[in-house]
Amino acid sequence: MDLEVHATAERELGATIPLAMPAPVAPKVLPFEDVRRLVEEYALTLSPTLPEMLPLLDCFGLVVAEDLPADRDFPPFPRATRDGYAARTADVSTPPATLRCIGEIKAGATPEQSAVIVREGQCVEIMTGASVPRGADAVVMVEYAERSGDTITIRRSVSAGENIVAKGSEAKSGDVLVPRGTRVDHTVIAIAAAVGRPEVAVSRRPRVAILATGDEVVDINLRPGPSEIRNSNSYSLAAQVQNAGGEPVILPVARDDAGELALLLRKGLEADLLLITGGVSMGKYDLVEQVLASFDANILVTGAKIQPGKPVVFGEVKSGERTTPLFGLPGNPVSTMVTFQLFAKPLIDALSGAKPQPLAFAQARLQSEFTTRTGLTRFLPAKLGGTHEEPQVEWLRWQGSGDLMAAARANCYIVVPPDREQFAAGESISILLP
Ligand code: AMP
Ligand code: MG
């Protein structure tokens, strides 16, 4: 630990200088579920970012900061759901029945065209999406009718309301269709469009600082030396952050040097959330926790009983009025990805104004047997396939948590509970979807 450099870095930023390194943080290594619960509970204490009005399509992936009410009834008129004949059920109760067609109503017809009234013995030709005329209480599908001039022979009876969606039965004018706090997906976009909202208030993307650490880690536009590697983690994290609705801010790579780490950490703490990658293991140059301690960080977790990602750190740094939550994610690429998904994502949800979304677990049949060791909850790269009747999952061979290529071949993780070591082919097993 190079205290002098640390002190210089701090002085440059005009901060107070911790002259002696504080005592190391007492270990808080918790089971997977406990860490997840802890971050979810922590997330609920966070305030969302300020709202802004954005054009509808720019809202995709963000969280609505207002309730979106129905501006009219849905449907706004009794809607025909089939092409056919609008008729009175009483007239067709004993088929075959003969009716007289008195007109046609197509989708988008004018109020005058739709104003006909169907009386006893009559029907109106109608198209899907048109307004069912008064007097009619069902639509007979065109498949069950024969036409000869204005005479229609109906071959089947219908029940009241058949092939009609009643006015206001999907929603009443004024009903909240999308509550504040909902993440905008294509269905929300459709509703906003349907209620005539070309702009919607959404919470701003929370700024998420990403700080990679390691003497061996070089920027992606530099040629790495023989024992150096390119910084893939900052970019995979940035993609995950963006996908979660955050705005990634990639900081320069910090060398394994306390001073440099402190300087960049300070910068990262200006964001809404700080993600550090690397430097949290037990190695001699894993300095993140020590440097965090020098910031008086409140460290809530120093590890999770999981693989990959065991050394994950979670905490917060208070400075004045401001508190910045942070994660120290282990530097192995798959560990970084998994720990982001398991633990960091709920904080981005909350900062964006949404409730933390539950993890997407499912069950699939194991394609081939495998053995592991007990003690940790494992998230193993796997490939989900099979059919809708029988989803199958195949465990992928990997070289451990640094095996980026295995993660790229996978489309889910097999979730192995800490008390199991042997799994047979054909067994139903839990998987975690992206
Ligand atoms: P660490 O967590 O610092 O002990 O790093 C664990 C492993 O992850 C080492 O093999 C590192 O070289 C690798 N690693 C650390 N940071 C990165 C990064 N930003 N991009 C790719 N690999 C990394
Ligand atoms: Mg390192």
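Data block above holds the structure.
So, a few notes on the structure that sits alongside this text. The model shown is predicted, which means the values in this text are computed figures rather than measured ones.

In the structure shown here, the tally under the stated rule is one cavity of 30 Å³ or more. Roughly 30 Å³ of internal volume is contained in the largest cavity. Forming the walls of the largest cavity are Leu56, Cys59, Val64, Leu68, Val184, Val188, Ile189, Ala192 and Val200. A per-element tally of the lining of the largest cavity places helix α4 (residues 186–194) first, with three residues. Residues that form the lining of the largest cavity fall into these classes: nine nonpolar, no polar and no charged.

Turning our attention to helix α5 (residues 233–243). Residues of α5 that are buried include every one of Asn233, Ser234, Ser236, Leu237, Ala238, Gln240 and Val241, and no others. Each element contacted by the buried residues of α5 is listed here: β14 (207–212), β17 (247–250), β18 (273–277), β23 (322–329) and α8 (333–351). Remark: glycine 245 follows α5 within two positions and exhibits a positive phi of approximately 95 degrees.

This paragraph deals with the pairing of strand β9 (residues 145–148). In this sheet, strand β10 (residues 151–154) lies alongside β9 in antiparallel orientation, the contact comprising four bridges. Counted as the bridge partner of arginine 147 is isoleucine 152 from β10. In textbook terms, the turn of a hairpin is the stretch between consecutive antiparallel strands, and for β9 and β10 this stretch comprises two residues, one of which, glycine 149, has a positive phi near 65 degrees.

This next bit is on the environment of asparagine 332. Position of asparagine 332 relative to the elements: it lies in the loop between β23 and α8. Since its relative accessible area comes to 39%, asparagine 332 is described here as partly exposed. Sequence separation between asparagine 332 and glutamate 125 is 207 residues; the distance between their C-alpha atoms is 66 Å. The contact partners of asparagine 332, leaving out residues within four places of it in the chain, are Ser401 and Gly402.

Core analysis: the largest hydrophobic core is formed by 53 residues, its most contacted members being Phe327, Phe343 and Ile414. Element by element, the count of residues in this core is highest for α8, at 11 residues. For phenylalanine 343, the contacting residues outside a window of four places in its chain are Phe32, Val35, Arg36, Val39, Ala304, Ile306, Val312 and Phe327.

A word on the packing of aromatic side chains. The way to describe two aromatic rings as a pair is by their centre distance and the angle between their planes. All told, the structure shown has six aromatic pairs when counted by the stated rule. With a centroid separation of 5.1 Å and an interplanar angle of 85 degrees, the aromatic rings of tyrosine 42 and phenylalanine 314 are classed as edge-to-face. Residue tyrosine 42 is found in helix α2 (residues 32–43), and its partner phenylalanine 314 is found in strand β22 (residues 313–319); the two are separated by 272 residues along the sequence. Among the residues examined, tyrosine 42 registers a relative accessible area of 12% and is labelled buried. Grouping aromatic residues by their ring pairs yields a cluster made of Phe32, Phe343 and Phe379. Arginine 156 extends its terminal NZ or CZ atom over the ring of tyrosine 144, reaching a point 3.9 Å from the ring centre. Note that arginine 420 overlies the ring of phenylalanine 423, its terminal NZ or CZ placed 4.1 Å from the centroid.

Looking now at the sheet that holds β9. What the six strands build is an open sheet, ordered β8-β5-β7-β6-β10-β9; its pairing is mixed. Of all strands in the sheet, those bounded by a partner on one side alone are β8 (138–141) and β9. Neighbouring strand axes in the sheet, compared pairwise and without regard to direction, differ in orientation by 40 degrees on average.

Turning our attention to the side chain of aspartate 73. Of note, aspartate 73 is situated in the loop between β3 (68–69) and β4 (79–80). Here lysine 167 takes part through its side chain, which lies 2.8 Å from a polar atom of the side chain of aspartate 73. A polar atom in the side chain of aspartate 73 sits 2.8 Å from the backbone nitrogen of serine 173.

Within this model, the largest pocket holds a volume of roughly 700 Å³. Taken together, 30 residues form the lining of the largest pocket, with Gln240, Asn243, Gln341, Lys345 and Pro434 sitting closest to its centre. Of all the secondary structure elements, the ones that give two or more residues to the lining of the largest pocket are α5, α8 and β28 (412–416). Counted by class, the lining of the largest pocket contains 17 nonpolar, eight polar and five charged residues.

With that out of the way, let us pick up the environment of serine 335. Inspection of the secondary structure puts serine 335 in helix α8. On the basis of relative accessible area, serine 335 is assigned to the buried category, the value being 2%. Counting along the chain gives 174 residues from serine 335 to glycine 161, while the straight-line C-alpha distance between them is 56 Å. Excluding anything up to four places from it in sequence, serine 335 contacts Pro308, Gly309, Pro330 and Ser401.

Let us now look at the pattern of salt bridges. As enumerated under the stated definition, the model contains 18 salt bridges in all. Where arginine 37 meets aspartate 34, a salt bridge forms, and the shortest distance between an N and an O atom there is 3.6 Å. Of this pair, arginine 37 and aspartate 34 both sit in helix α2, three residues apart, which is roughly one turn of that helix. Note that arginine 365 is salt-bridged to glutamate 390, the shortest N-O span being 3.2 Å. Remark: glutamate 390 occurs in the loop between β26 (377–386) and β27 (391–395) and arginine 365 occurs in strand β24 (residues 361–366); sequence separation between them is 25 residues. You can call arginine 365 partly exposed: its relative accessible area is 33%. Sharing partners across several salt bridges, the network here consists of Glu125, Arg147 and Asp150.

About the thresholds
Residues numbered from 1 in each chain as written. Chains lettered and ligands numbered in written order. Predicted model: local features only at pLDDT ≥ 70, side-chain atom pairs only at ≥ 80, totals over all residues. Heavy atoms only, no water. 1 Å grid on protein atoms, 1.4 Å probe; cavity = no way out; pocket = protein on both sides within 12 Å on 5 of 7 lines; lining within 4 Å. Points joined across faces, edges and corners; volume = space filled by probe spheres on them. Helix = DSSP H or I, 4+ residues; strand = E, 2+ residues; numbered from the N terminus. Nonpolar A, V, L, I, M, F, W, Y, C, P; charged D, E, K, R; others polar. Buried < 20%, exposed > 50% of the residue type's maximum accessible area, 1.4 Å probe, protein only. Contact = heavy atoms within 4.5 Å. Pairing = 2+ DSSP bridges. Core = buried A, V, L, I, M, F, W, Y, C linked by side-chain atoms within 4.5 Å. Phe/Tyr/Trp six-rings, centres within 6.5 Å; stacked < 30°, edge-to-face > 60°. Lys NZ or Arg CZ within 6 Å of the ring centre and 35° of its normal. Axes fitted to C-alpha atoms, helices over the stretch in contact; angles between N-to-C directions. Polar contact = N/O pair within 3.5 Å; in protein donor to acceptor, adjacent residues only side chain to side chain. Salt bridge = Lys/Arg side-chain N within 4 Å of Asp/Glu carboxyl O.

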